[in-house]
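# Architecture at a glance
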Amino acid sequence: MAVFYLIADYYGYVLTSLVVFLFIAFLCYCLYIKYIHLKYDHIPGPPRDSFIFGHFPTFSRATSNGRIIHDKFLEWSETFGPVYRLNGLHVVMLFVTCPDTTKEVLMSPKYPKDRLVYKRLFNLFGQRFLGNGLVTAHDHDLWYKQRRIMDPAFSSLYLQSLMGTFNERADMLMDKLGEMADTNTATSMQHMFNCVTLDVITKVAFGVDLDLLNDSDTPFPKAIEMCLKGMVHSTRDNTFQLNPKNWKFISEVKDAAKLLRTTGRQWINDRKMAVQNGEDVPKDILTQILKTAEEKMGKDDKELMLDNFVTFFIAGQETTANQLAFAVMELGRLPEILAKELTQVLSYHLLCLMIRQVLKETLRLYPTAPGTSRSIPKNIVIDGIHIPAGTTCFFNSYVCGRMDKFFEDPLKFDPERFHPDAAKPYYCYYPFALGPRSCLGQNFAQMEAKVVMAKLLQRFDFSLLPGQSFDILDTGSLRPKSRVMCNIRHRGPTPTGQMAPTND
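As the structure is a prediction and not an experimental result, all values here were calculated from the model. Throughout, a residue's number is its position along its own chain's written sequence, starting from 1. For this predicted model, a pLDDT threshold of at least 70 governs which residues receive local features, and a threshold of 80 or more governs which side-chain atom pairs are given and counted, while totals over whole chains, interfaces and linings are taken from all residues. Side-chain metrics in this entry use all non-hydrogen atoms of the structure; hydrogen atoms and water are not considered.

## Here we look at the overall build of the chain
- The helix and strand tally for the chain stands at 17 helices and 13 strands.
- Compactness check: the chain gives a C-alpha radius of gyration of 25 Å against a globular reference of 23 Å for 504 residues, within 12% of the reference.
- Principal-axis analysis of the C-alpha atoms places the extent of the chain at approximately 100 × 60 × 45 Å.
- We call a residue buried when its accessible area falls under 20% of the maximum for its residue type, exposed when it is over 50%, and partly exposed in between, using a 1.4 Å probe and counting protein chains only. Across the 504 residues that make up the chain, the buried fraction comes to 52%.
- Partitioning the intrachain contacts of the chain with sequence separation of at least 6 by distance along the chain shows that 74% fall at a separation of at least 24.
- Shrake-Rupley sampling with a 1.4 Å probe provides the accessible areas, and residues are treated as covered by the protein chains on show and by no other component. Put simply, the chain shows about 23700 Å² of open surface, and 57% of that area lies on carbon and sulfur atoms. Helix numbering and strand numbering both begin at the N terminus, where a helix is a DSSP run of H or I of at least 4 residues and a strand a DSSP run of E of at least 2. Atoms counted for the radius of gyration: C-alpha only. Globule rule: 2.2 Å times the number of residues to the power 0.38. A contact between two residues is defined here by any heavy atoms of the two lying within 4.5 Å.

In structure tokens, the structure reads:
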């Protein structure tokens with residue numbers, strides 16, 4: 001009996017000590033949070049919901065009822081000025097709309113991508129996803145090494161050689177839309193653009209013909225959608241995977257990420273084997289990168305190459321498809337813009353100019369990737385406010401594009417804002433980011449979008465089905481919630497000439 005009491009006393013002592021230790025640790029953590037508050041509370045910002053959780057409850061409320069968090073960021077930017085503070089546990093996030101600071105930080109390599117933010121994209125719930133690719137690499141030397149390898153595959157000269165593929169796939173899309181016009185069948189333009197852009201990126205990057213416009217059984221579009229949804233939950237909710245109700249979804253997300261990486265690894269290995277055997281291989285982006293990588297990459301860098309192809313596989317579809325879908329949504333919602341422009345179009349040059357303006361205005365209101373972040377390694381001053389070193393600053397193109405201090409009547413869709421004679425926005429328009437870490441594929445995306453939009457406007461009229469919303473769906477990238485359901489009709493004679501790509 002004495003032994004029993006001795007053991008009970010021992011475990012009671014251990015349990016009491018553990019409780020005391022946890023209490024002291026919690027108290028120390030609370031003191032640290034208080035220190036963070038004292039250090040940063042001179043920066044304006046909305047009231048915290050909670051001493052510990054900060055503004056996290058506000059984030060949950062802001063995204064309820066189908067709203068997107070970026071609209072809340074816009075509201076706060078208009079209320080609290082060019083820099084404001086948000087808290088979450090011991091983390092402080094600064095949101096910046098000051099053009100001078102945007103220029104200083106984004107245009108300089110001295111401000112690296114924030115480790116805290118981008119390491120969340122390394123994997124999805126334990127399954128490697130974007131890894132340390134071009135988008136997520138926060139180490140400058142690692143990023144620069146990869147960028148030098150990828151640059152030849154996205155040079156202007158090489159992109160010009162892809163015009164044949166752009167035109168071929170766009171013509172296939174027009175043929176499909178022509179069938180729907182003939183049968184008076186309504187269609188989701190979002191779905192059609194997803195198919196053609198994924199067809200293009202797999203063809204020019206991997207030399208693979210998916211033919212999604214005619215074969216809808218491929219798993220890749222669904223896998224991309226699942227990965228993007230998983231990315232939202234993984235980066236914005238630390239407790240998401242603790243809820244058993246989410247485990248089925250998490251398993252599907254991990255399977256989707258694994259499918260993309262397994263497929264990419266197989267395609268890369270097949271191409272490397274073909275090159276080693278001296279076979280004729282397509283002059284696509286994969287071949288370009290493999291030729292360069294032979295000299296500059298070692299055996300340990302294979303996963304990095306795969307990281308980048310998963311990145312291109314997703315971004316190559318999402319950026320262009322969503323931009324085109326939003327453009328059609330706005331032109332369908334405001335048919336007077338298209339009617340006015342097309343009555344004035346006398347040549348392909350003017351048609352291309354009009355398309356350029358429409359696409360740029362679309363990205364102002366609906367940037368596919370709405371923001372980026374940077375780590376601030378030294379003390380700086382923003383609009384007279386001292387910002388301590390070690391802070392994370394977020395720059396949001398969606399927010400800046402909708403602020404009336406930068407754009408007159410900002411919620412109005414007006415392509416004339418980007419007329420060549422109009423004043424250029426001063427570091428408040430950056431849908432592809434800015435500076436050395438700007439999007440490598442932006443010229444690729446815009447060339448593809450111009451070709452598809454030009455052919456669409458030449459051959460068809462379209463009208464939105466009544467009753468659909470114009471709301472935005474945030475799946476990591478921004479896309480139309482309605483899927484842009486349209487009726488398609490053949491149009492009459494159009495300007496004649498040869499479509500030529502522009503790099504405007």
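## Observations concerning the packing of helix H13 (residues 302-333) against helix H17 (residues 442-459)
- Lines are fitted to the C-alpha atoms to define the axes, a helix being fitted only along its stretch in contact, and any angle between axes, read from their N-to-C directions, falls within 0 to 180 degrees. For the pair H13 and H17, interaxial distance at closest approach is 10 Å and the crossing angle is 35°. The element H13 and its partner H17 pack so that their crossing is right-handed. Mapping the contact onto sequence places Gly316, Thr319, Thr320, Gln323, Leu324, Ala327 and Val328 in H13 and Ala445, Gln446, Glu448, Ala449, Val452, Met453 and Leu456 in H17.
- In this count, Pro and Cys sit with the nonpolar residues alongside Ala, Val, Leu, Ile, Met, Phe, Trp and Tyr, while Asp, Glu, Lys and Arg are called charged and the others, Gly among them, polar. Across the contact of H13 with H17, the residue classes break down as eight nonpolar, five polar and one charged. In this scheme, a crossing is called left-handed if the near helix is turned counterclockwise away from the far one by less than a right angle; it is called right-handed if the turn is clockwise.

## Some words on the packing of aromatic side chains
- The rule is short: rings of Phe, Tyr and Trp, with Trp giving its six-membered ring, pair when the centres are within 6.5 Å, and they are stacked under 30 degrees, edge-to-face over 60, tilted in between. If you walk through the whole model with that rule in mind, you get 25 aromatic pairs.
- Relative to tyrosine 144, the ring of tryptophan 143 lies with its centre 6.3 Å away and its plane at 50°, an arrangement referred to as tilted.
- We classify tryptophan 143 as buried; its relative accessible area is 5%.
- Accessibility expressed as a relative area gives 41% for tyrosine 144, which makes it partly exposed.
- Among the aromatic residues, those joined into a cluster by ring pairs are Phe154, Phe166, Phe206, Phe220, Trp267, Phe309, Phe312, Phe313 and Phe444.
- In this scheme, the term charge over a ring applies when either NZ of a lysine or CZ of an arginine sits within 6 Å of the ring centre and within 35 degrees of the ring normal. Positioned above the aromatic ring of phenylalanine 470, the side-chain terminus of arginine 333 is 5.3 Å from the ring centre.

## Thoughts on the nonpolar core
- Counting 103 residues, the largest nonpolar core has Phe193, Phe444 and Leu456 as the members making the most contacts within it.
- Residue contacts for phenylalanine 193: discarding those within four places in its chain leaves Leu173, Ala321, Leu324, Ala325, Val328, Val452 and Leu456.
- We define the nonpolar core as a collection of buried residues of types Ala, Val, Leu, Ile, Met, Phe, Trp, Tyr and Cys that are connected through side-chain atoms lying within 4.5 Å of one another. Among the nonpolar cores identified, the runner-up in size contains 27 residues, and Val96, Ile385, Cys393 and Cys428 belong to it.

## A closer look at the sheet that holds strand E6 (residues 371-376)
- One requirement defines pairing of two strands: DSSP has to find at least two bridges between them. The four strands are arranged E1-E2-E9-E6 in an open sheet whose pairing can be described as mixed. Every interior strand has two partners, whereas the edge strands, strand E1 (83-88) and E6, have only one. Taken over all neighbouring pairs, the strand axes of this sheet differ in orientation by 30° on average, direction set aside.
- Where helix H3 (residues 69-80) meets the sheet, its contacts fall on E1, strand E2 (91-96) and strand E9 (391-396), and the angle it forms with E1 comes to roughly 130°.

## Points about the state of the cysteines
- Any two cysteine sulfur atoms within 2.5 Å of one another count as a disulfide. Enumeration over the complete set of coordinates arrives at zero disulfides.
- As a non-bridged cysteine, cysteine 486 has cysteine 195 as the owner of its nearest cysteine sulfur, 15 Å distant.
- The exposure class assigned to cysteine 486 is buried, which follows from its relative accessible area of 0%.

## Brief notes about the pattern of salt bridges
- Here, a salt bridge means any side-chain nitrogen of Lys or Arg that lies within 4 Å of a carboxyl oxygen of Asp or Glu. Applying the stated rule across the entire model yields 19 salt bridges.
- A salt bridge links arginine 61 to aspartate 49, with the shortest nitrogen-to-oxygen separation between them at 2.8 Å. Note that arginine 61 is positioned in helix H2 (residues 56-62) and aspartate 49 in the loop between helix H1 (2-40) and H2, a separation of 12 residues in sequence.
- The partly exposed category is assigned to arginine 61, whose relative accessible area is 47%.
- On the basis of relative accessibility, which here comes to 35%, the residue aspartate 49 falls in the partly exposed class.
- For the salt bridge of lysine 455 with aspartate 171, the shortest nitrogen-to-oxygen distance reads 3.1 Å.

## Some remarks on the UniProt feature "transmembrane region" (unreviewed entry) in the chain
- Within the UniProt annotation, "transmembrane region" (unreviewed entry) is assigned to residues 12-32.
- Annotated as residues 12-32, this span is 100% helix and 0% strand, and its ends, taken at the C-alpha atoms, are 30 Å apart. UniProt positions are given in the numbering used here, feature names are shortened, and annotations may be inferred rather than shown by experiment.

## Regarding the packing of helix H10 (residues 220-236) against helix H11 (residues 247-276)
- At a minimum axis separation of 8 Å, H10 and H11 run at an interaxial angle of 125°. Looking at the two axes, H10 sits oblique to H11. Considering only the axes of H10 and H11, their crossing is left-handed. The residues of H11 that touch H10, namely those facing Phe220, Ala223, Ile224, Met226, Cys227, Lys229, Gly230 and His233, are Phe249, Glu252, Val253, Ala256, Ala257, Leu259, Leu260, Thr263 and Trp267. In this scheme, roughly parallel covers angles under 35 degrees and roughly antiparallel covers those over 145, while 65 to 115 is roughly perpendicular and the rest are oblique.

## Quick notes on the UniProt feature "binding site: heme" (unreviewed entry) in the chain
- Per the UniProt record, "binding site: heme" (unreviewed entry) is annotated on Cys439.
- If you trace the backbone, cysteine 439 turns up in the loop between helix H16 (397-401) and H17.
- For cysteine 439, a relative accessible area of 33% translates into the label partly exposed.

## With respect to helix H6 (residues 140-150)
- Listing the buried residues of H6 in full gives Trp143, Gln146, Arg147, Ile149 and Met150. Looking down the long axis of H6, one finds its buried residues gathered within 160° of arc, a one-sided arrangement. Taking the helix axis as origin, the arc is that swept by the directions to the C-beta atoms.

## Considerations on helix H4 (residues 99-106)
- Among the residues of H4, those classed as buried are Pro99, Thr101, Thr102, Val105 and Leu106. Seen from one end, H4 has its buried residues packed into an arc of 160°, which puts them on one side.
- Among the structural elements, E2, E6, strand E7 (380-382) and E9 are those in contact with the buried residues of H4.

## Focus on the sheet that holds strand E10 (residues 460-464)
- Spatial strand order, E5-E13-E10: three strands in an open sheet with antiparallel pairing. Each of the sheet's edge strands pairs with one partner strand only, and the pair in question is strand E5 (187-188) and E10.
- Where E10 lies against strand E13 (residues 485-490), five bridges are found, and the strand directions are antiparallel. Across the sheet, residue phenylalanine 462 finds its bridge partner in E13, namely isoleucine 488.
- Sitting on the sheet, H13 is in contact with E10 and E13, with an inclination near 80° to E10.

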